[in-house]
Amino acid sequence: MSKRAGEDGAVALVKRPRQDEDEGRTQALAVSARKDDEKNALIRQVTRTSGLSAPIVKLEGAHSAEITSCRFDQTGNSIVAAGVDRTISLWRTYPPNTNYGLIQHAHKQAITSVLFSRLSPSAPLIYSASADGTLAVHSSKTGELVRRLRNGHTDIVNCLDRTRHGRELLVSGGDDSCVIVWDPEQRDPVEMIEWICPVTAVAWSDDGAQVFIGGLDNDIHAYDLRTHNTFYTLRGHTDTIAGLRLSPNGQYLLSTSYDSAVRVWDVRPFSASPTREHRVLLGCPAGFEGVYSQPAWSPDGARVVAGGADRAVTVWEVESGRVLYKLPGHTGTVTATDVHPKEPIIVSASKDATMFLGEIEPS
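Predicted model, so just to flag it, every value in this text is computed and none were measured.

**Points about the overall build of the protein chain**
- Per the secondary structure count, the protein chain includes zero helices and 32 strands.
- Within the protein chain, the fraction of its 363 residues that count as buried is 56%.
- Intrachain contacts of the protein chain at a sequence separation of at least 6 include 46% that bridge at least 24 residues.

**Topic: the sheet that holds strand 24 (residues 262–266)**
- Judged by pairing direction, the sheet is antiparallel, and its four strands sit side by side in the order 22-23-24-25 without closing on themselves. Two strands lie at the open edges of the sheet, namely strand 22 (241–246) and strand 25 (277–281), each paired on one side alone. Direction aside, neighbouring strands of the sheet carry axes that sit 20 degrees apart on average.
- Strand direction decides the pairing type here: strand 23 (residues 252–257) and strand 24, joined by five bridges, are antiparallel.

**Comments concerning the environment of aspartate 183**
- Take aspartate 183: it is sitting in the loop between strand 16 (178–182) and strand 17 (191–194).
- Each C-alpha atom of the pair aspartate 183 and arginine 162 lies 9.8 Å from the other, and the pair is 21 residues apart in sequence.
- Setting aside its immediate chain neighbours within four residues, aspartate 183 contacts Arg167, Glu168, Leu169 and Val190.

**Quick look at the packing of aromatic side chains**
- Going through the model one piece at a time under the given rule, you end up with three aromatic pairs.
- With 5.4 Å between their ring centres and 55 degrees between their planes, phenylalanine 231 and tyrosine 232 make a pair best called tilted.
- With 6.1 Å between their ring centres and 10 degrees between their planes, tyrosine 258 and tyrosine 292 make a pair best called stacked. In this pair, tyrosine 258 sits in the loop between strand 23 and strand 24 while tyrosine 292 sits in the loop between strand 25 and strand 26 (296–297), placing the two residues 34 residues apart along the sequence.
- For tyrosine 292, a relative accessible area of 27% gives the class partly exposed.
- Positioned above the aromatic ring of tyrosine 100, the side-chain terminus of arginine 92 is 3.8 Å from the ring centre.
- Above the plane of the ring of tyrosine 232 lies arginine 276, whose end atom (NZ or CZ) is 4.0 Å from the centre.

**A few points about the layout of surface pockets**
- Size it by volume and the largest pocket reaches roughly 680 Å³.
- If you go around the largest pocket, you meet 27 residues; those closest to its centre are Arg71, Arg162, Arg164, Arg245 and Asp338.
- Every element with two or more residues in the lining of the largest pocket is listed here: strand 6 (67–72), strand 10 (111–116), strand 14 (157–162), strand 18 (199–204), strand 22, strand 26 and strand 30 (334–339).
- Considering each element in turn, the lining of the largest pocket owes the most residues, three residues, to strand 22.
- Broken down by class, the residue content of the lining of the largest pocket amounts to 13 nonpolar, six polar and eight charged.

**So, the side chain of histidine 63**
- Among the secondary structure elements, histidine 63 is positioned in the loop between strand 5 (56–59) and strand 6.
- A polar side-chain atom of histidine 63 sits 3.2 Å from a polar atom in the side chain of aspartate 85.
- Reaching out from histidine 63, the side chain makes a polar contact with the side chain of serine 89 at a distance of 2.8 Å.
- Apart from residues no more than four positions distant in its own chain, histidine 63 is found in contact with Ala81, Ala82, Gly83, Asp85, Thr87, Ser89 and Ala353.

**Overview of the side chain of serine 247**
- By the element assignment, serine 247 lies in the loop between strand 22 and strand 23.
- A polar contact is formed between the side chain of serine 247 and the backbone nitrogen of glutamine 251, at a distance of 3.3 Å.
- When neighbours within four sequence positions are excluded, serine 247 is seen to be in contact with Arg164, Tyr252 and Trp297.

**Thoughts on the pattern of salt bridges**
- Under the definition given, this model contains 15 salt bridges.
- Notably, a salt bridge pairs glutamate 60 with lysine 58, separated by 3.6 Å at the nearest N-O pair.
- What makes glutamate 60 partly exposed here is its relative accessible area of 30%.
- Taking the shortest distance from any N to any O, the salt bridge between aspartate 259 and arginine 263 comes out at 3.8 Å.
- By sharing partners, the salt bridges in this structure join Asp259, Arg263 and Glu277 into a single network.

**Digging into the pairing of strand 17**
- Residues Glu191 and Ile193 line the buried face of strand 17, whereas the alternating positions Met192 and Glu194 sit on a face that is not buried.
- Both strand 16 and strand 17 contribute to a ladder of four bridges, which runs antiparallel. Residue pairing across strands places valine 179 opposite isoleucine 193, the latter belonging to strand 17.

**Considering the environment of lysine 58**
- Within the element layout of this structure, lysine 58 appears in strand 5.
- Note on lysine 58: relative accessible area 24%, which makes it partly exposed.
- Spatially, the C-alpha atoms of lysine 58 and serine 348 are 9.8 Å apart, while their sequence positions differ by 290 residues.

**Some words on the sheet that holds strand 6**
- Here four strands make up an open sheet; going across it, the order is 6-7-8-9 and the pairing antiparallel. Because the sheet does not close on itself, it has two edges, and the strands there are strand 6 and strand 9 (99–103). Taking each pair of neighbouring strands and ignoring which way they run, the sheet shows an average axis angle of 15 degrees.
- Here five bridges tie strand 6 to strand 7 (residues 78–83), and the two strands are oriented antiparallel to one another. Within strand 7, the position partnered with arginine 71 by the bridge is valine 80.

Parameters and conventions
- Residues numbered from 1 in each chain as written.
- Predicted model: local features only at pLDDT ≥ 70, side-chain atom pairs only at ≥ 80, totals over all residues.
- Heavy atoms only, no water.
- Helix = DSSP H or I, 4+ residues; strand = E, 2+ residues; numbered from the N terminus.
- Buried < 20%, exposed > 50% of the residue type's maximum accessible area, 1.4 Å probe, protein only.
- Contact = heavy atoms within 4.5 Å.
- Pairing = 2+ DSSP bridges.
- Axes fitted to C-alpha atoms, helices over the stretch in contact; angles between N-to-C directions.
- Phe/Tyr/Trp six-rings, centres within 6.5 Å; stacked < 30°, edge-to-face > 60°.
- Lys NZ or Arg CZ within 6 Å of the ring centre and 35° of its normal.
- 1 Å grid on protein atoms, 1.4 Å probe; cavity = no way out; pocket = protein on both sides within 12 Å on 5 of 7 lines; lining within 4 Å.
- Points joined across faces, edges and corners; volume = space filled by probe spheres on them.
- Nonpolar A, V, L, I, M, F, W, Y, C, P; charged D, E, K, R; others polar.
- Polar contact = N/O pair within 3.5 Å; in protein donor to acceptor, adjacent residues only side chain to side chain.
- Salt bridge = Lys/Arg side-chain N within 4 Å of Asp/Glu carboxyl O.

What follows is the structure, encoded as structure tokens:
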């Protein structure tokens, strides 16, 4: 794992010294100025809501091609990202936003999904899935390969998720129409499920008893691992499911699709709605590229976030369905988003091979 200097993280705005904390965490930013005439810059007082060095921070230089996935760790101090260049990068969330680790050639083909283990928060393992048909477990401390999980999928692995409580298990889905449950400490699968179509998105239920499966049939299925049957099916999307994410309280499921609709589903054991559809959120076009989009929830479950082909990150208020933010900056389709576990910070990744950290108002 190679090291990178702290200068790699670039700040998008011209930053002036922060005022005293007693003055309400405000910061004077030059939002419009010529390089040769900063004295005459248009200055705006911005109320800060996080520990970032500026409201917008650009992270670049680690990847040479599309970034497909990005996640915060449980502490919010580190970010992991991966992409088509087969590289996994590790970043500091806070100044100086150092790209402190780079795992090159982590897979033989493009990496489709990456996330941190929830165990050992100070030095968590990194789980990744790839188009080479394998999953990998790497050390975030040394970058060394701990284990390769290869005895399962026979085609591209599109998606990956881990359990939230108890024994840590992984679930993956792929173009081979298989959903596989893994113990990351073992090379062989715990369970293999032959599915009805290629699988593009998976998510664990809160108790780990069910797996939500989305694919080319446009539906989301709650598959019960105890009975080995589909418990119920969520219907509403009219195109391929692009991403799934369970809410922090485990009661709602967020889905993105090629149909450009973002849906929130009620996945409580007993739902008042026969369709279980809670909200339909619009304003985030999927485009024609067929990009799998990884959405996210705010820690309190009041907001959801997704990226789109409009090169922006869209933030909605769940209960009202109102668009709160359209965060620009990327020059390519936004492929993945995540929300900081403690502060109102959003990280986004794009086909333009960059990431942005964006600060918003707390909910």
